[in-house]
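# Structure assessment
In case you want the letters, here they are:
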Amino acid sequence: MFMALRRFGLARQAKGALSPNDPDAVSKLTLSVWLTDLDAFLHMTNTRYFELMDIASPRLLRRNGLATRAKDNGVEFLPAYANLDVHSMLKLSTKYELRSHMVGADDEFVAIGHTFHSRGRSAADGTVIYRLNRTNDTPVERATLGLEDCPYLPDEMRAWAVAGLTSGVVAT
């Protein structure tokens, strides 16, 4: 994980604020595939894709101001669901750009989309859906986080998130 954070810190990063209500507002990271990212077949591992989405999601939430508004209102972002669709494998030393954007939100979930671009095309797409959890257990409203104009979370993604929350092992 240290190497992941180190690479993240060394990546070229765009600066400036983004609007959480604009689905076209994209946060970008330019990276390259390292030897430690590869599996036995010399392709970037799925674990690495998910690790990068875990790094890029909070970065987008900070850049668009949602992290600050959430903290001010006692709201936490808890991972509920993540998926990945790999179109073409990234190989050693391949440069790629990780583009993150808001997909949608409702009063319970926020979805962030990620696209891994390499050589002018999408190499992989992923989505991370976070459950909005208020520390005092009161409901969270979109307006609380300034998401009035953000697209609503598509029904399909809401179903994914609910299924993700209910498919785990429950300890009694």
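Residues numbered from 1 in each chain as written. Predicted model: local features only at pLDDT ≥ 70, side-chain atom pairs only at ≥ 80, totals over all residues. Heavy atoms only, no water.

Turning our eyes to something else, we now look at the overall build of the chain. Counting secondary structure elements, the chain contains 4 helices and 6 strands. The order of helices and strands in the chain, counted from the N terminus, is α-β-β-α-α-β-β-β-β-α. Every one of the 172 residues in the chain was classed for burial, and the buried ones make up 42%. Long-range pairs, those at least 24 residues apart, make up 70% of the contacts in the chain with a sequence separation of at least 6. (Helix = DSSP H or I, 4+ residues; strand = E, 2+ residues; numbered from the N terminus. Buried < 20%, exposed > 50% of the residue type's maximum accessible area, 1.4 Å probe, protein only. Contact = heavy atoms within 4.5 Å.)

Let us now look at the side chain of Glu97. Along the chain, Glu97 turns up in strand S4 (residues 95–105). One polar contact links Glu97 to Arg99, side chain to side chain, over a distance of 2.5 Å. Glu97 has contacts with Lys28, Leu29, Thr30, Thr115, Phe116 and His117, leaving out every residue within four places of it along the chain. (Polar contact = N/O pair within 3.5 Å; in protein donor to acceptor, adjacent residues only side chain to side chain.)

Our focus in this paragraph is the pairing of S4. As paired strands, strand S2 (residues 27–32) and S4 are joined by 6 bridges and run antiparallel to one another. Counted as the bridge partner of Leu31 is Tyr96 from S4. Two strands pair when backbone bridges link them, and S4 and strand S5 (residues 109–118) are joined in this way by 8 bridges, in the antiparallel orientation. In the strand pairing of S5, Arg99 is matched with Thr115. With antiparallel pairing between neighbouring strands as the criterion, S4 and S5 make up a hairpin whose turn holds 3 residues. (Pairing = 2+ DSSP bridges.)

Mapped onto the fold, Arg131 is located in strand S6 (residues 121–134). We classify Arg131 as partly exposed; its relative accessible area is 27%. As a C-alpha pair, Arg131 and Val162 span 31 residues in sequence and 9.3 Å in three-dimensional space.

The biggest cluster of nonpolar side chains holds 32 residues, and the ones touching the most others in it are Phe77, Tyr96, Met102, Phe116, Leu145 and Leu147. When residues of this core are traced back to their parent elements, those giving at least two are S2, helix H2 (46–63), helix H3 (66–72), strand S3 (75–86), S4, S5 and S6. The leading source of residues in this core is H2, at 6 residues. Excluding anything up to four places from it in sequence, Leu145 contacts Leu66, Arg69, Ala70, Val75, Leu132 and Val140. Residues Ala80, Ile129, Met157 and Ala161 belong to the second largest nonpolar core, which totals 7 residues. (Core = buried A, V, L, I, M, F, W, Y, C linked by side-chain atoms within 4.5 Å.)

Counted according to the given criterion, the structure contains 4 aromatic pairs. Ring geometry for Tyr96 versus Phe116: centroids 6.1 Å apart, planes at 45°, classification tilted. Separated by 20 residues along the polypeptide, Tyr96 in strand S4 and Phe116 in strand S5 bring together distant segments of the chain. A residue is classified by how much of its surface remains accessible, and Phe116, at 0% relative accessible area, is buried. Aromatic rings pair up to connect Tyr49, Tyr96 and Phe116 into one cluster. (Phe/Tyr/Trp six-rings, centres within 6.5 Å; stacked < 30°, edge-to-face > 60°.)

It is worth spelling out the pairing of S6 at this point. Look at any regular strand and the pattern is simple: side chains alternate between the two faces of the sheet. Of all 14 residues making up S6, 10 are buried, and the element is well covered by its neighbours. For S3 and S6, the ladder comprises 11 bridges, and the chain directions are antiparallel. Of the residues in S6, the one forming a bridge with Asn83 is Thr127. In terms of strand pairing, S5 meets S6 through 10 bridges, oriented antiparallel. For His117, the partnering residue across the bridge sits in S6 and is Ser122. Two successive antiparallel strands, S5 and S6, enclose a turn made up of 2 residues, where Arg119 displays a positive phi of approximately 55°.

As far as function goes, none of this settles anything; it's purely spatial.
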